[in-house]
Amino acid sequence: MIHVTDIHKRYGDLEVLRGVSLDVACGEVVSIVGASGAGKTTLLQILGTLSRPDGGRVRIDGAEPFALGDKALSRFRNERIGFVFQFHHLLPEFTAFENVCIPGFIGRRPRAEVERRADELLALLGLAARRDHKPSQLSGGEQQRAAIARALINSPAVLLADEPSGNLDSRNRDEIHRLFFDLRDRLGQTVVIVTHDEGLAAMADRTITMSDGKIL
């Protein structure tokens, strides 16, 4: 699903990634760990096509996204990649249901199809009874589950998560951790998670450790 070869990334005089190569299989849950400044989030941003590498090759779901023009790259990102961040970034003026629908509408998919899929995902994630609540009316765990549903609305090839449970209490954190593996089992979802949480890292199919811009 993901094939990365000899990726380099520099910000000014600071070389953040120094020849990173990585393969992730379809349906695999991979955690990336390492000290702050190791390059984990930079690698995740490149996998998510939010940042272009200075050198190397990236293939995702059989495509080379950085060979695309800007509009095609944005479309690729919308259709093939789902993002979950430490903070849910739900829009406060919209309900959970409306927040989940937004990426589908951005992708110009038929409204009925998007709304049907949103209801399916909210039910899958245990939020059917909360679909019409705004983020301020949801618990932290419910907000993050809504954000995960939003990330899945376009049936992406890859789900990328950056410290997805870092802002949650222990009970909600454990629920979110289990959820990623439920999604893999139910949907065949490929998941890459950057985390400092040792428990979450240990649950993954494979743990990748980074240090000083390289994979150990």
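Note that this is a predicted model, so its numbers are computed, not measured.

What counts, and at which threshold
Residues numbered from 1 in each chain as written. Predicted model: local features only at pLDDT ≥ 70, side-chain atom pairs only at ≥ 80, totals over all residues. Heavy atoms only, no water. Helix = DSSP H or I, 4+ residues; strand = E, 2+ residues; numbered from the N terminus. Buried < 20%, exposed > 50% of the residue type's maximum accessible area, 1.4 Å probe, protein only. Contact = heavy atoms within 4.5 Å. Areas by Shrake-Rupley, 256 points an atom, 1.4 Å probe, with all protein chains shown as cover. Lys, Arg positive; Asp, Glu negative; His and termini not counted. Charge placed at Lys NZ, Arg CZ, Asp CG, Glu CD. Salt bridge = Lys/Arg side-chain N within 4 Å of Asp/Glu carboxyl O. Pairing = 2+ DSSP bridges. Axes fitted to C-alpha atoms, helices over the stretch in contact; angles between N-to-C directions. Polar contact = N/O pair within 3.5 Å; in protein donor to acceptor, adjacent residues only side chain to side chain.

(A) Spatial organisation of the overall build of the chain. Tallying secondary structure elements over the chain gives seven helices and nine strands in all. Projected onto its principal axes, the C-alpha positions of the chain cover 50 × 40 × 30 Å. Across the 216 residues of the chain, 50% fall into the buried class. When contacts within the chain are restricted to residue pairs at least 6 apart in sequence, long-range pairs at least 24 apart make up 70% of them. As presented, the chain carries roughly 10,100 Å² of accessible surface, and 49% of it is formed by carbon and sulfur atoms. Positive and negative side-chain charges of the chain, numbering 28 and 29 respectively, have mean locations separated by a distance of 4 Å.

(B) Seen up close, the pattern of salt bridges. For the coordinates displayed, the defined rule picks out 14 salt bridges. Arg-109 serves as the salt-bridge partner of Glu-113, at 2.9 Å between the closest nitrogen and oxygen. Among the salt bridges present, the one from Arg-117 reaches Glu-120, with a minimum N-O distance of 3.7 Å. Of this pair, Arg-117 and Glu-120 both sit in helix H4 (residues 111–124), three residues apart, roughly one helical turn. We classify Glu-120 as partly exposed; its relative accessible area is 42%. Members of the salt-bridge network, linked through shared partners, are Arg-57, Arg-59 and Glu-64.

(C) Expanded view of the side chain of Asn-78. Turning to its location among the elements, Asn-78 is positioned in helix H2 (residues 70–80). Classification of Asn-78 as buried rests on a relative accessible area of 19%. When sequence neighbours within four positions are dropped, the list of residues in contact with Asn-78 reads Pro-103, Ile-106, Gly-107 and Asn-154.

(D) The sheet that holds strand S8 (residues 206–211), seen in detail. The strand order across the open sheet formed by six strands is S5-S6-S7-S3-S8-S9, and the pairing between neighbours is mixed. The sheet is open, and its two edges are formed by strand S5 (81–84) and strand S9 (214–215), each paired on a single side. Lying on the sheet, helix H5 (residues 140–152) is in contact with S5 and strand S6 (158–162); it crosses S5 at an angle near 165°.

(E) Representation of the pairing of S5. Side chains of S5 alternate between two faces, with Ile-81 and Phe-83 and Gly-82 and Val-84 buried alike. Where S5 lies against S6, four bridges are found, and the strand directions are parallel. By the bridge assignment for S6, Gly-82 is matched with Leu-159.

(F) A look at the side chain of Lys-9. The topology assignment puts Lys-9 in strand S1 (residues 2–11). Despite being buried, Lys-9 has no salt bridge partner; Asp-54 is the closest side chain of opposite charge, sitting 4.1 Å away. Here Ser-51 takes part through its side chain, which lies 3.5 Å from a polar atom of the side chain of Lys-9.

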